[in-house]
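What follows is the residue order along each chain.
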Amino acid sequence: MPEFKTSPGTRDILAPHSGRWRAFQDVFAHTVEAAGYNFIIPPMFEDLDVFLRLGETTEVVTKEMYDFHDKGGRHVALRPEQTAGVCRAYVEHRPITPWKVWYAGPNFRYEKPQQGRYRQFDQVGVEALGADDPLLDAEVIALAAKFYADLGLKKVHLSVNTLGDAGDREQYSQILLKYFSAHEKDLTSESRATLARNPLRVLDSKREPDQKVIAGAPAIRESISESANQHFDAVLRALDALNISYEINNRLVRGLDYYRRTTFEFTSLALDAAHTAIGGGGRYDGLVEALGGPATPGIGFALGLDRTLLACDAENTFVAPTTAVQIFVVDTVDGGHAHELCHLLRQNGISADRAYDLRSIKAQMKSADRSAASVALIIGSDEVQNSTIMLRKMGSGEQYSIAHKDVIGEVLKALNVK
RNA sequence: GUGGGCGUAGCUCAGUUGGUUAGAGCGCCAGGUUGUGGUCCUGGAGGUCGGGGGUUCGAGACCCCUCGUCCACCCCA
């Protein structure tokens, strides 16, 4: 056993999986940049207070924060998600609106790890600030849906709901408190504890005994403002116009306190464990204000890399890209010829790799095979003497001698034929 | 954070009621083939059996603790 291992909930992403991650982010960048979103790289840690604005009953903040005091005595925290940092950046820089950005990178939450749940986990996402338009809500949702489709995913389920305006949310919370309190004896003890903290979240319980009580709970749409209802209806119509299928789930609450009005969540029907939630988001009108900025509406989503890739595995799509160099150079003389030839090839835009430590030709050929190069260039004593190179096509095994000075042209010719 | 399953070579796993020097397949290295990979054959390297303590003449197997991982709850991506 090695003396050191990765810390719990963290891991090394090695090839070929690492290539898949990069491809994932490339596809995402392509999808959202085609819709006018610009790349933003917020810092990985911020003042703790920035994240506290996510809400005092948000467990991500109250229980799972990686916070510490730095050498200057500042109380900082690793970001548990990126929306707060983006909103802080908005307040700090005051870009013109609508401000549409996308991000990709790791977040940190101190949780007990499981498959699809890590302490350092990657998300990609977008945020759009400064527009109240319900068509923007629909655009954001449509972008996420398109991205899943771009990955080749088919079994993705979209749930949407509205939480009403800030006041509505509080009012509904009181209604739920009254309802659940009346049925307290039928709730699990866990739900009773949740009820005391945040009545909305009782709706999220997956425990069987709670389901009957939850099913009878009053729906939020009955207690939200007329304008919030109109906004939601407009979002739904806009989704219909794009032929995006969804389910209205009036139990969908989501754990981050800042959500207002539109909320949505994507789950994979191909996954069956606890990690079926592969993405989600919503409006957070009020968050910018909480961070000291002017009243500014905002909406966005975040998608989990790991879970989405698990869904890809389950649906057998978006496989890891294979990487291969074009040329593998075998040198049985002294290694110096391979050294210089690789350099020359690379300078001419041809990818090339080689073996080291002057191993046997058999071993070097084996490396050539593993490299997946389509052409091997072999240099032995005969070649050095005659200023030639043996060019071998790895697929067919066909090989022939070329003049050393013609190597670039011959290699290009061989690669084109392939 | 609560409860449960599982930790044996790089990987996937065997390992009989505790009993000599802990095995296999794949992978890796070398040789067969002193100029040729993908097939085949032969050989080799690689393990303080997650870690610590205990029971025993004897522990990979049993007990306790601990760490890690997986599952459920919780939470969420």
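Computed from a predicted structure; not experimentally measured.

J.: What's the story with the overall build of chain A in this structure? I'm lost.
T.: Scanning chain A from terminus to terminus reveals 15 helices and 16 strands. Taken over the C-alpha atoms alone, chain A extends approximately 95 × 50 × 45 Å along its principal axes. Within the span of chain A, comprising 418 residues, buried residues form 49% of the whole. Put simply, of all contacts in chain A between residues at least 6 apart along the chain, 69% involve residues at least 24 apart. Carbon together with sulfur atoms contributes 51% to the accessible area of chain A, which is approximately 20800 Å² in total. Each charge class in chain A was averaged separately, 47 positive and 55 negative side chains, and the resulting centres sit 3 Å apart.

J.: I keep staring at the packing of aromatic side chains and nothing clicks. Help me out?
T.: To describe a pair of aromatic rings, you give the distance between the ring centres and the angle between the ring planes. Following the criterion strictly, the structure yields 14 aromatic pairs and no others. Taken together, a centroid distance of 5.9 Å and an interplanar angle of 70 degrees make the contact between F28 and W102 edge-to-face. Here F28 is found in helix α1 (residues 17-33), whereas its partner W102 is found in strand β5 (residues 99-108), with 74 residues between them in sequence. With respect to burial, F28 and W102 carry one shared label: buried. Seen from the ring of Y118, R11 lies directly overhead, with NZ or CZ sitting 3.6 Å from the centre.

J.: Is there a simple way to think about the environment of V384 in this case?
T.: With respect to the element layout, V384 can be found in helix α14 (residues 381-386). Residue classification places V384 among the partly exposed positions, given a relative accessible area of 35%. Sequence separation between V384 and T188 is 196 residues; the distance between their C-alpha atoms is 81 Å. Setting aside its immediate chain neighbours within four residues, V384 contacts V333, H337 and I379.

J.: Hey, could you run me through the side chain of R260 in this one?
T.: Structurally, the position occupied by R260 is in strand β9 (residues 260-268). Here R260 is buried and forms no salt bridge, its nearest opposite-charge partner D165 lying at an N-O distance of 7.3 Å.

How each quantity is defined
- Residues numbered from 1 in each chain as written.
- Chains lettered and ligands numbered in written order.
- Predicted model: local features only at pLDDT ≥ 70, side-chain atom pairs only at ≥ 80, totals over all residues.
- Heavy atoms only, no water.
- Helix = DSSP H or I, 4+ residues; strand = E, 2+ residues; numbered from the N terminus.
- Buried < 20%, exposed > 50% of the residue type's maximum accessible area, 1.4 Å probe, protein only.
- Contact = heavy atoms within 4.5 Å.
- Areas by Shrake-Rupley, 256 points an atom, 1.4 Å probe, with all protein chains shown as cover.
- Lys, Arg positive; Asp, Glu negative; His and termini not counted.
- Charge placed at Lys NZ, Arg CZ, Asp CG, Glu CD.
- Phe/Tyr/Trp six-rings, centres within 6.5 Å; stacked < 30°, edge-to-face > 60°.
- Lys NZ or Arg CZ within 6 Å of the ring centre and 35° of its normal.
- Salt bridge = Lys/Arg side-chain N within 4 Å of Asp/Glu carboxyl O.

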